[in-house]
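# Structure assessment
Below are the chains, spelled out letter by letter.
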2 protein chains.
Amino acid sequence: MNYDSLKLENQVCFPLYVCAKEVINKYRPLLDRFDLTYTQYITMMVLWETSPIISKELCRKLYLDSGTLTPLLKKLECKGYITRCRDNDDERNLVVCITEKGMALRDEIISVPESVRSCIPVPDEDLQQLYVILYKILEKL
Amino acid sequence: MNYDSLKLENQVCFPLYVCAKEVINKYRPLLDRFDLTYTQYITMMVLWETSPIISKELCRKLYLDSGTLTPLLKKLECKGYITRCRDNDDERNLVVCITEKGMALRDEIISVPESVRSCIPVPDEDLQQLYVILYKILEKL
DNA sequence: CAAAATTAAATTGTATACAATTAATTTATA
DNA sequence: TATAAATTAATTGTATACAATTTAATTTTG
């Protein structure tokens, strides 16, 4: 039998998985200073754009479920970056609001994207192409 | 201040992270039948190609550390797919060998790559491009 | 309107991931 | 050659991820 399809080098998912991991690892030392993990960081990104926001919406935008977000949001609350409270109109919903401290974090963290970019020494065109293909796939999934 | 660089839509890492997660999620129902996780599956892929292999080499090929691999290998051993023993020449090294049962698994699992491929309805050219860019980045990291 | 169905967050359990440390072994060196 | 340095797995601790279940609230429906 021909087992070529089961070779690691013939997989697209493997470099995708490794690349995502390794790029996220580049964020770690940069985000450590702010006591944030990568997942907490992208959560803050949504909140800098949209606050207040319902937890369900946050889950949808971040492609995460409540099992992941519930403890993460509690941690961000402990750090003082967000508040969590129930929606009066529908008590099932959790309303997440960014705090002043959370909003202020944006100014401090502004240099992170550029720092990460400098860790990935490939041309802009490659990253642009990568971006387009990834969203093309995400749309179809 | 201009905060565009902190918008989720302007990140390359975010779709990379989500895409990797979502594609791996496509493997889940397919691998469940074999009682394997994605990480266990790619570990088996290395072993189908190379056995015996030193744990250190396995770590290097999979971009994982011993904190992740040690418990994973113990699980694969419990399932009867591999054996773990020390290298007589250098007792620090852990030698991982595939078992007959592990080798037989390859024939059963052969259809998985095609099944996953069919879950990602984009042209081959896109995946080919993706593959090239991802390895280009990995080489530089 | 009351019961059933639906929805959303939280909880529980399992499996990664990785940093930091520890323990055992081997290699280098004074 | 005895000790220091280096190497490798394993361990410990923290933080995701996600499936499955539970709980509480809301909506639908008979």
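Located above this text is the structure these notes cover.
Please read all numbers here as calculations on a predicted model, not as lab measurements.

In the region of DNA strand D, 30 residues are neighbours, and Thr37(A), Gln40(A), Tyr17(B), Lys56(B) and Lys74(B) sit closest. By atom count, sugar and phosphate contribute 82% of the portion of DNA strand D lying within 4 Å of the protein. At a separation of 3.0 Å, a phosphate oxygen of DNA strand D approaches a polar side-chain atom of Asn25(B). Asn93(B) places a polar side-chain atom, nitrogen or oxygen, 3.5 Å from a sugar or linking oxygen of DNA strand D. Contributing elements (two or more residues each) for the surface near DNA strand D: helix 2 (38–49) and helix 4 (66–78) of chain A together with helix 1 (13–32), helix 3 (55–62), helix 4 (66–78) and strand 2 (82–86) of chain B.

On to the packing of helix 2 (residues 38–49) of chain B against helix 4 of chain B, then. Residues and elements named next belong to chain B. With their axes 11 Å apart at the nearest point, helix 2 and helix 4 run at an angle of 80 degrees to one another. Between helix 2 and helix 4, the angle is such that the two are roughly perpendicular. Within the contact between the two elements, helix 2 uses Thr39, Gln40, Thr43 and Met44 and helix 4 uses Leu69, Leu72, Leu73, Lys75 and Leu76. Looking at side-chain class alone, the contact of helix 2 with helix 4 contains 5 nonpolar, 3 polar and 1 charged residues.

Our next topic: the relation of the copies chain B and chain A. Once turned by 180 degrees and shifted 0.0 Å along the axis, chain B lies on chain A with an RMSD of 0.0 Å. With respect to symmetry, the two chain copies, as superposed, fit the operation of a two-fold axis. In this assembly, 100% of the residues forming the interface of chain B have copies in chain A that are likewise at the interface, indicating an isologous arrangement.

Moving on to the protein's contact with DNA strand C. Lining the immediate environment of DNA strand C, one finds 30 residues, of which Tyr17(A), Lys74(A), Arg84(A), Thr37(B) and Gln40(B) sit closest. For DNA strand C, the backbone makes up 81% of the atoms found within 4 Å of the protein, where backbone means sugar plus phosphate. Residue Lys56(A) places a main-chain N or O atom 2.9 Å away from a phosphate oxygen belonging to DNA strand C. The separation between a phosphate oxygen of DNA strand C and a polar side-chain atom of Lys74(A) is 2.8 Å. Sorting the residues of the surface near DNA strand C by element identifies helix 1 (13–32), helix 3 (55–62), helix 4 and strand 2 (82–86) of chain A together with helix 2 and helix 4 of chain B as the ones contributing at least two each. Counted by class, the surface near DNA strand C contains 6 nonpolar, 11 polar and 13 charged residues.

Residues and elements named next belong to chain B. Over its 13 residues, helix 4 runs 18 Å from end to end, which matches the ideal 18 Å to within 8%, given 1.5 Å per residue. By the burial criterion, the buried members of helix 4 are Leu69, Leu72, Leu73 and Leu76. End-on view of helix 4: buried residues confined to an arc of 105 degrees, all on one side of the axis. Of the exposed residues in helix 4, the ones pointing more than 90 degrees away from its buried face are Gly67 and Cys78. Those residues of helix 4 that are buried are in contact with helix 2, helix 3, strand 2 and strand 3 (94–98). With a side-chain oxygen lying 3.2 Å from the backbone nitrogen of glycine 67, the N-terminal cap of helix 4 falls on aspartate 65.

Working definition: two side chains of opposite charge can pair if their charged atoms are close together. A complete count under the given rule lists 14 salt bridges over all chains for this structure. Here Asp126(B) ties to Lys136(A) by a salt bridge, and the two come within 2.7 Å at their closest N and O atoms. Of this pair, Asp126(B) sits in helix 7 (residues 124–140) while Lys136(A) sits in helix 7 (residues 124–140), placing the two residues on different chains. Taking the relative accessible area as the measure of exposure, Asp126(B) reaches 11% and is therefore buried. For Lys136(A), a relative accessible area of 32% puts it in the partly exposed group. Measuring nitrogen to oxygen at the nearest pair gives 2.8 Å for the salt bridge that ties Asp124(B) to Arg117(B). By relative accessible area, which is 53% here, Asp124(B) ends up exposed.

This part takes up the nonpolar core. Counting residues in each nonpolar core, the largest one holds 99 residues, and the members touching the most others are Tyr41(A), Met44(A), Ile109(A), Tyr41(B), Met44(B) and Ile109(B). Those residues in contact with Met44(A), other than ones at most four positions away along the chain, are Leu36(A), Leu76(A), Tyr81(A), Ile82(A), Ile98(A), Gly102(A) and Leu105(A).

Our focus in this paragraph is unusual backbone geometry. The linkage connecting Ser51(A) with the following residue, Pro52(A), adopts the cis geometry, with an omega of 5 degrees. Mapping Pro52(A) onto the fold places it in the loop between helix 2 and strand 1 (53–54). With phi around 55 degrees, Asp35(B) is a residue other than glycine that occupies positive phi space. The exposure class assigned to Asp35(B) is partly exposed, which follows from its relative accessible area of 48%.

About the thresholds
- Residue indices begin from 1 for each chain and proceed along its sequence in written order.
- As they are written, the chains are lettered A onward and the ligands numbered 1 onward, keeping that order.
- Reporting in this predicted model follows two pLDDT cut-offs: at least 70 for local features of residues, and 80 or more for side-chain atom pairs to be given and counted; totals over whole chains, interfaces and linings ignore these cut-offs and use all residues.
- Excluding hydrogens and water, the side-chain values take into account all heavy atoms of the structure.
- Nearness is judged by heavy atoms alone; a residue qualifies as near a molecule or strand once a single heavy atom is within 4 Å of it.
- Side-chain atoms alone can form a polar contact between residues adjacent in sequence; in general such a contact is a pair of N or O atoms within 3.5 Å, and within protein one must be able to donate a hydrogen while the other accepts it.
- Helix and strand definitions follow DSSP, with helices as H or I runs of at least four residues and strands as E runs of at least two, each counted in order from the N terminus.
- An axis is simply a line fitted to the C-alpha atoms; with a helix, the fit covers only the stretch in contact. Between two such axes, the angle follows the N-to-C directions and lies from 0 to 180 degrees.
- Here the angle decides the label: under 35 degrees means roughly parallel, over 145 means roughly antiparallel, 65 to 115 means roughly perpendicular, and every other value means oblique.
- Contacts between residues were defined by any pair of non-hydrogen atoms, one from each residue, lying within 4.5 Å.
- Under the grouping applied here, Gly and all other residues not named as nonpolar or charged are polar, the nonpolar ones being Ala, Val, Leu, Ile, Met, Phe, Trp, Tyr, Cys and Pro and the charged ones Asp, Glu, Lys and Arg.
- The copies were overlaid with a least-squares fit restricted to C-alpha atoms from residues scoring a pLDDT of at least 70 in each copy.
- Given the number of residues in a helix, its expected span is that number minus one, multiplied by 1.5 Å.
- Here's how the labels work: a residue is buried when its accessible area is under 20% of the maximum for its type, exposed when over 50%, partly exposed in between, all with a 1.4 Å probe on protein chains only.
- The arc in question is the one spanned by the directions pointing from the helix axis to the C-beta atoms.
- What counts as a salt bridge is simple: a side-chain nitrogen of Lys or Arg found within 4 Å of a carboxyl oxygen of Asp or Glu.
- Residues enter a nonpolar core if they are buried and are Ala, Val, Leu, Ile, Met, Phe, Trp, Tyr or Cys, with the set joined through side-chain atoms within 4.5 Å.

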